[in-house]
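# Inside the fold
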Amino acid sequence: MATQHSRSAARLMMAPAVILLLGWMLVPLLMTLYFSFKQYLPMRGDSFERGLEWVGFENYVRFIGSSSFWPSVQATLLIVGGVLVITVILGILLAILLDQPIWGQGIVRILVIAPFFVMPTVSALVWKNMMMDPVNGMLSYVWRFFGATPVSWLSDASVESIILIVSWQWLPFATLILLTAIQSLDSEQLEAAEMDGAPVLSRFFYIVLPHLGRAITIVILIQTIFLLSIFAEIFVTTGGSFGTRTLTYLIFQRVVDSQNIGLGSAGGVYAIILANIVAIFLMRIVGKNLDR
Amino acid sequence: MARAVTTRRKIVTTVVAWAVGLLIFFPIYWTILTSFKTEAQAVANPPLFFGFDFTLENYAIVQERSDYMRYLWNSVIIAGGSTILGILIAVPAAWSMAFVPSKRTKDILLWMLSTKMLPAVGVLYPISLLFVQFDLLDTRGGLIVVLMLINLPIIVWMLYTYFREIPGEILEAARMDGAGLRAEILYVLTPMAIPGIASTILLNVILAWNEAFWTLNLTAVNAAPLTAFIASYSSPEGLFYAKLSAASTMAIAPILVMGWFSQKQLVRGLTFGAVK
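For every chain, the first residue of its written sequence is number 1, and the numbers climb from 1 along that sequence. Here chains are named by letter from A upward and ligands by number from 1 upward, in the order in which they appear as written. Residues qualify for local features only when their pLDDT is at least 70, as the model is predicted, and side-chain atom pairs are given and counted only at 80 or more; totals for whole chains, interfaces and linings, by contrast, use all residues.

## Let's talk about the overall build of chain A
When helices and strands are tallied, chain A shows 13 helices and two strands. A radius of gyration in this sense is built from C-alpha atoms; the matching globule rule multiplies 2.2 Å by the number of residues raised to 0.38. Its C-alpha radius of gyration of 24 Å places chain A more than 25% over the 19 Å reference for a compact globule of 292 residues. Dimensions along the principal axes, computed over C-alpha positions, put chain A at roughly 80 × 75 × 30 Å. Counts of 20 or more other C-beta atoms within 10 Å of a residue's own C-beta define buried residues, counts of 12 or fewer define exposed ones, and intermediate counts define partly exposed ones; C-beta atoms are placed from the backbone. Relative to its 292 residues, chain A shows a buried fraction of 42%. Long-range pairs, those at least 24 residues apart, make up 68% of the contacts in chain A with a sequence separation of at least 6. Each helix is a run of DSSP H or I of at least 4 residues and each strand a run of E of at least 2, with the numbering of both proceeding from the N terminus. Whether two residues are in contact depends on their C-beta atoms, placed from the backbone: they are in contact if these lie within 7 Å.

## Describing the overall build of chain B
When you go through chain B residue by residue, the secondary structure sums to 13 helices and zero strands. Secondary structure elements in chain B, listed N-terminal to C-terminal, are α-α-α-α-α-α-α-α-α-α-α-α-α. A compact globule built from 276 residues would reach a C-alpha radius of gyration of about 19 Å, whereas chain B, at 23 Å, exceeds it by more than 25%. Taken along its principal axes, the extent of the C-alpha atoms in chain B is 75 × 70 × 35 Å. Expressed as a percentage of the 276 residues in chain B, the buried residues total 45%. Sequence-distant contacts in chain B: of pairs separated by 6 or more residues, those separated by 24 or more amount to 80%.

## Looking at the interface of chain B and chain A
Each partner contributes to the interface: chain B provides 84 residues, whereas chain A provides 87 residues. Ranked by residue count, the leading element in the side of chain B that touches chain A is helix α1 (residues 7–34) of chain B, at 16 residues. Of the residues that constitute the side of chain B that touches chain A, the class distribution is 63 nonpolar, 18 polar and three charged. Each residue receives one of three labels: charged for Asp, Glu, Lys and Arg, nonpolar for Ala, Val, Leu, Ile, Met, Phe, Trp, Tyr, Cys and Pro, and polar for the others, Gly being one of them.

## What to know about the packing of helix α4 (residues 68–99) of chain B against helix α9 (residues 181–210) of chain B
Geometry of a packed helix pair, given as the angle between the helix axes and the separation of the axes. All names here are of chain B. For every element, the axis is a line fit to its C-alpha atoms; helices are fit only across the contacting stretch, and the angle between N-to-C directions ranges from 0 to 180 degrees. Packing of α4 against α9 brings their axes to within 9 Å, and their N-to-C directions diverge by 140°. One way to sum up the angle between α4 and α9 is to call them oblique. Of the two elements, α4 crosses α9, and the hand of that crossing is right-handed. Each of S75, I78, A79, G80, S82, T83, G86, I87 and V91 in α4 lies in contact with α9, whose residues at this interface are I197, T200, I201, N204, V205, A208 and W209. Classifying every residue of the contact of α4 with α9 gives nine nonpolar, seven polar and no charged. Should an angle lie under 35 degrees it is considered roughly parallel, over 145 roughly antiparallel, and from 65 to 115 roughly perpendicular; all remaining angles are considered oblique. Two helices crossing with the near one rotated counterclockwise from the far one by less than a right angle form a left-handed crossing, whereas a clockwise rotation gives a right-handed crossing.

## As for helix α5 (residues 120–131) of chain A
All names here are of chain A. For a helix, the expected span equals 1.5 Å multiplied by the number of residues minus one. When the terminal C-alpha atoms of α5 are compared, their 15 Å separation across twelve residues agrees well with the 16 Å that a helix rising 1.5 Å per residue should span. Burial analysis of α5 places twelve of its twelve residues in the buried class, the great majority of the element. What α5 keeps buried is the set P120, T121, V122, S123, A124, L125, V126, W127, K128, N129, M130 and M131.

## Describing helix α8 (residues 158–183) of chain A
Residue and element names in this part refer to chain A. For α8, which comprises 26 residues, the first-to-last C-alpha distance of 37 Å matches the rise-based estimate of 38 Å (1.5 Å per residue) to within 8%. For α8, the principal kink sits at W170 and spans about 35°; a proline, P172, occurs within the next four residues. Of all 26 residues making up α8, 20 are buried, and the element is well covered by its neighbours. Bend is computed residue by residue as the angle between axes fitted to the seven residues ending at the residue and the seven residues starting at it.

## Focus: the nonpolar core
Ranked by internal contacts, the top residues of the largest apolar core, which has 160 residues, are I177 and L178 of chain A together with A90, A94, V156 and L159 of chain B. In terms of residue count, the dominant contributor to this core is helix α7 (residues 140–163) of chain B (17 residues). Residues within four places of A94 of chain B in sequence aside, it is in contact with V156, L159, Y160 and F163 of chain B. Connectivity within a nonpolar core runs through C-beta atoms within 7 Å, and the core itself is a set of buried Ala, Val, Leu, Ile, Met, Phe, Trp, Tyr and Cys residues.

## Here's the deal with the environment of I201 of chain B
Residue and element names in this part refer to chain B. In this structure, I201 sits in helix α9. Separated by 43 residues in the primary sequence, I201 and M158 have C-alpha atoms spaced 9.9 Å apart. In this view, I201 contacts T83 and I87; residues no more than four positions away in its chain are not counted.

## Here's the deal with the confidence of the model for chain B
Per-residue confidence from the predictor is reported as pLDDT, a score between 0 and 100. Confidence in the prediction of chain B, expressed as mean pLDDT, is 84, and 95% of residues score 70 or more. Listed scores for the predicted complex are pTM 0.87 and ipTM 0.86.

Structure (structure tokens):
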């Protein structure tokens, strides 16, 4: 039984973590909000000291009104959606495959999971040069071997290439979580269905898939949060050109390349709102889990 | 109950699984293999899978030309430092939430998680500005603090889920036997908590090692870790495949090994305990 004494001790122990995270969340957030209502172009001489001009919602309107906004939304949706579809579908198949009795299961698991531990800059550069280069890349050899003309992946099929690279990185995550979920499936239920003569497909759709429902939701939500902010993969491959400028990358360019802090901050606020919409759903699921 | 599986079916699934596994692993395998070739052999057509002159010169060149060890050291300091700092702050917090829960514990945990959802790019300028103000730009100390903060929610959550599995009755029994708070923590809880803390450290080092938004945006020369070092290879000069491969292999090898040990913790840590 917790006493008054241990209560206050507990509060004291929690304090550093809570205060730090509160500061980490509030200070930059309030600054971004503040800048988003200001005209702030350091290159043109705007500065803190001389005071910044209040422009109301102008930055918000201009960010959405700019010609690069909708293409960036489209790129974001394509990349996030594409990666989600690929990783979830292949993840389910892989999880089922790895759940089967096979020789060398441990080693195969390691091979499948390995890409997750490769740092984003390395995986992007390895794919860009070693795999997708139109002259020396592995894929170009394969294409030539079959008599086809090699593809300039990152310029001619840039969005698809980014989807491929990012899917490769996140497939292990989806597989691992779905595998963990599959392993908790009661095998007797499956056996009973098998004995009753249920074919493989209906066993999958009526028993395995419903059982995986929660895990799939979690995979989708967590990946969405991370995928909305992929950066290094685009930074070192296309640099945002060829239609791969995502919302994150557009904001990055507004802030860093064109040094329009006000405009970039307004974009940042949009990104924060977007991420929070996804986050609310994730929190509900995680929160329910806490009540157990 | 194990199902009886015919040998033939096992052979088929084994072959398929291995084929898929090798396909997924191929880019890593190919990078490691290429790092031992000469530059000319690295771009040979058709590609060389064997029969090339095994050489270690790429590793020597990478180290010599770009002072690889300095970036490695920065990665070690930043990943290690942010993890240790995070653990020191998170252990008391997670401990108190697991053993002295209050009505608000759940809300605090969820709120902590929500700070993890803040898109980094949304606060890029404020953080850079603060870094300039406090003279932290391109310093390891600044990065240690930032990476600690972005991973703190995950550390607290992971520790919390581990601590919560320690049965409270053990504490009561210890108290009955006259153990004080200090003895309780030192002799009862710590030994039981060590495996959980170790897994948390492992996962967090991996996350910090691979973090590639803040490390790219807040460093230039002095504090740049391996993520930034590799990014500098994005504009190729002449023949560089073998050297890129050597640099990449060195950057991912330590974490690949650690990652293989932490598969289970990965699921728990990255789903915030929702899947175990």
